Structures are given as structure tokens and as C-alpha cells.
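Spelled out, the chains give:
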Amino acid sequence: MKSVLLIRLKSIGDVILTLPAVHAVRENFPTAKITFLTSSENAQLLQGFREVKEVIALDRTALRSGNPLKMGVAFFGLLQRLRTGKFDLVVDFQGYGETAWLSWWTGAPHRWGSVYGKGRSWAYTKGIVRSDHLLIADWNLSLLKQCGLNVNHTGNEYILPADVLDAARRVFIANQLDPKRQTLFIQAFTSSPQKNWPLENYLKLAAYWRERGVQVIFGGGRGDLAALEPARAAGHCIAAGNPLLVSAGLVKLSTVTIGGVTGLLHLAVAMQKRVVMLIGPAGEPGFPYQHREWGLTPETGDRVAEIKIPAVIEACAKAFSESAGNVSY
């Protein structure tokens with residue numbers, strides 16, 4: 001194979017969880033040019049995928065703008081790019097109707113994809129029925145294996161660009177934080193309220209560790225700033241609203257990251273950072289890749305909110321202990 005196209009449009013976490021499969025594709029095709037098609041909002045993530053040489057960004061904003069000119073330019077430009085790419089192999093990890101059609105449109109002689117419904121199998125030369133019993137990263141590898149690739153040795157390494165890490169250091173300095181000290185990064189909110197541990201619990205956790213000399217950072221998106229006001233009022237560093245990769249840099253500089261099932265925590269795992277991921281049974285597919293023991297579920301009940309504070313403190317203490325001497329500079 002000289003040219004390979006990989007497809008995963010969204011979300012942040014799911015794009016990150018293709019990383020082991022990207023490594024496997026590179027190991028099987030060491031000289032191939034690997035291109036990745038993703039949604040434009042996730043394109044920045046691919047900066048840390050060292051095996052990916054080119055990124056095609058699907059501009060959903062333009063396609064949904066209602067402006068016929070913008071829609072036409074974006075749509076036909078994408079189709080032209082896919083057809084002229086002369087890909088030998090396309091792997092559709094998403095398996096949506098639109099990604100199945102785009103896979104077919106490339107005209108690649110080999111097209112592999114996840115199949116959720118029989119109606120989409122026509123798009124692929126090898127369509128593998130999706131297994132809901134496998135974690136996302138494991139399913140991606142299973143897809144490749146069932147299509148004939150060797151996936152016995154897979155990595156999960158995300159390389160954060162140096163300029164991004166420098167930007168994160170500047171945020172540390174601006175907030176009077178020391179990268180050489182133990183730091184707890186708290187990602188308090190997820191994209192789904194049912195996956196959130198109560199903020200008041202995070203505040204108690206933050207107070208506990210601050211009393212023991214640990215620096216605490218609360219991260220999040222720009223939309224989380226108002227909700228994090230109680231953390232600011234308690235005197236904690238609020239680093240919400242930074243670009244995604246800068247937030248990743250703050251995680252890289254921190255010792256332990258805690259939060260629910262979010263893309264940032266999956267990214268932390270891929271950067272070889274220790275996490276504590278709070279998971280309810282409904283979020284079970286979100287366990288950290290290759291580190292199921294880093295996930296914490298409620299002893300009783302079926303909601304993340306039912307995870308007890310002492311259990312989280314204990315999990316964080318173990319994480320700090322395992323990260324001793326492993327502080328990022």
C-alpha cells in the first residue's frame with residue numbers, strides 16, 4: 001500500500017482512541033503515506049499523530065451554513081480531494097452513512113469499515129459488523145485484524161508539539177504554578193451531565209489535596225467558566241477556555257488528571273500521564289485504554305455521582321504514589 005486514508009470524524013475522545021490503530025497501520029505499511037479525514041474542529045488533534053502525514057478537515061460549519069456557495073465549495077472540494085487522492089486503502093472507523101459513502105467515493109480498491117447496519121456494507125470491500133462489547137480502541141484494532149493486518153504489537157503514544165507545551169508553561173507561570181511540584185488537574189465537566197461527578201465533590205477533593213501541598217488546576221471549555229466560579233472563589237487556578245492542545249499541555253505538566261469520561265483524559269493516557277477516570281456503568285466503554293485499573297466506578301448504584309469522596313481520595317493517592325518522580329519539566 002502506497003497511500004492510506006483513515007476516517008474518524010468525531011468526537012475528540014474517539015479520534016484519540018484511533019491512535020493505537022494508526023500505529024498498527026504504520027507497522028503494517030511502513031512506507032505508506034497516511035492521510036486522516038476528520039471534522040475540522042478535531043483537526044488540531046492530528047498534530048500529535050506522528051504517523052499521519054496529511055489531514056483532510058471536513059468543514060461541517062460550511063456544509064450547514066445554508067449558504068449555497070459555501071456549501072458547494074466545501075462539498076465539491078472535499079469530493080475532489082478524496083477522488084484525486086488515489087488511495088490504495090481506506091479504513092472507515094466511524095461507520096456512519098456519510099463516512100461509508102465517502103469511503104466508496106474515493107474509488108480505493110480496498111475499503112474497510114465498521115458496519116452498524118447491513119444497508120451500509122455495499123460501500124466497503126470488507127465490512128465488519130460492529131461489536132458493542134469491545135472498547136472503542138480495541139474495536140478499531142479488531143477491525144484491522146479481521147481485515148488481515150497484524151496487530152500483535154500496538155502503541156498508544158501522542159506527541160504534543162513543543163510550541164504547545166511552551167504555551168502551557170506560560171499558563172503555569174502566569175498562575176504562579178511550579179511545574180516541578182505535584183499538581184492535580186481536574187476536568188470537572190464532560191459533554192454529558194449524567195457523566196459528571198458533582199462539582200461540590202471536586203471542590204472537597206481539591207481542598208483535601210491543597211492542604212497537603214498539591215497544586216490544583218480546574219480545566220474545561222470556555223462554556224464551563226461560569227460553572228467553575230465556585231472553584232475560583234475557593235482560590236483555585238481556573239484554566240478553562242484554553243485551546244484544546246494547550247489544555248493537553250497543562251495535563252502534561254501536571255502529575256495526575258482526574259475527571260469523567262472525556263477526550264482530554266483519553267489524551268492524557270496517550271501522553272503517558274496518570275489519570276483517575278470516574279465512570280458509571282453507562283460509561284463503561286470509556287475505560288482508559290490498556291489501564292482499566294485507572295477507572296473508578298461506584299461500589300453501589302449506577303451513577304457517577306454515587307462514587308464516594310473517600311474512594312476518589314484513595315485513588316488519587318495511589319496515582320500520586322505511582323507518579324512519584326515522574327514530573328514533567
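For the structure given in this document, a descriptive report is provided here.

Thresholds applied
Residues numbered from 1 in each chain as written. Predicted model: local features only at pLDDT ≥ 70, side-chain atom pairs only at ≥ 80, totals over all residues. Heavy atoms only, no water. Buried < 20%, exposed > 50% of the residue type's maximum accessible area, 1.4 Å probe, protein only. Helix = DSSP H or I, 4+ residues; strand = E, 2+ residues; numbered from the N terminus. Contact = heavy atoms within 4.5 Å. Pairing = 2+ DSSP bridges. Axes fitted to C-alpha atoms, helices over the stretch in contact; angles between N-to-C directions. Core = buried A, V, L, I, M, F, W, Y, C linked by side-chain atoms within 4.5 Å. Parallel < 35°, antiparallel > 145°, perpendicular 65-115°, else oblique. Nonpolar A, V, L, I, M, F, W, Y, C, P; charged D, E, K, R; others polar.

## Some thoughts on helix 10 (residues 244-253)
In an α-helix there are 3.6 residues to a turn, and that puts residues three or four apart on one side. Most of helix 10 is tucked away, with nine of its 10 residues classed as buried. Three or more residues of helix 10 are buried, namely Leu-244, Leu-245, Val-246, Ser-247, Ala-248, Gly-249, Leu-250, Val-251 and Leu-253. Against the buried residues of helix 10 lie helix 1 (12-16), helix 7 (162-174), strand 7 (183-187), strand 10 (256-259) and helix 11 (263-270).

## Some thoughts on the sheet that holds strand 2 (residues 33-39)
If you trace the six strands from one edge of the open sheet to the other, you get 3-2-1-4-5-6, paired in parallel fashion. The sheet is open, and its two edges are formed by strand 3 (52-58) and strand 6 (126-129), each paired on a single side. Across the sheet, the mean angle separating the axes of adjacent strands is 15 degrees when strand polarity is ignored. The sheet contact formed by strand 1 (residues 3-7) and strand 2 spans five bridges and is parallel. When the bridges of strand 2 are listed, Ile-7 appears paired with Leu-37.

## Section: the sheet that holds strand 8 (residues 215-219)
With respect to topology, six strands assemble into an open sheet ordered 9-8-7-10-11-12, the strand pairing being parallel. Looking at which strands have only one partner, the edges of the open sheet turn out to be strand 9 (237-238) and strand 12 (295-296). Where strand 7 and strand 8 come together, five bridges link them in parallel fashion. Within strand 8, the position partnered with Leu-184 by the bridge is Val-216. Helix-sheet contacts for helix 8 (residues 199-210) involve strand 7, strand 8, strand 10 and strand 11 (274-278), and the interaxial angle to strand 8 is about 155 degrees.

## Side note on the nonpolar core
With 67 residues, the main nonpolar core has Leu-6, Leu-45, Phe-49, Leu-144 and Tyr-158 as its most contacted residues. Here this core gets seven residues from one element, more than from any other, and that element is helix 10. With sequence-adjacent residues up to four places away left out, Leu-6 is seen in contact with Val-22, Val-25, Ile-34, Thr-35, Phe-36, Leu-37, Val-91 and Phe-93. Membership of the second largest hydrophobic core comes to 32 residues, among which are Leu-184, Ala-188, Leu-228 and Ile-238.

## Notes on the packing of helix 2 (residues 19-28) against helix 6 (residues 136-146)
Direction vectors running N to C along helix 2 and helix 6 enclose 25 degrees, while the axes themselves pass 8 Å from each other. Judged by the angle between their axes, helix 2 and helix 6 are roughly parallel. Contact residues: helix 2 offers Pro-20, Ala-21, Ala-24 and Val-25, while helix 6 offers Ala-137, Asn-140, Leu-141 and Leu-144. A class-by-class count of the residues in the contact of helix 2 with helix 6 yields seven nonpolar, one polar and no charged.

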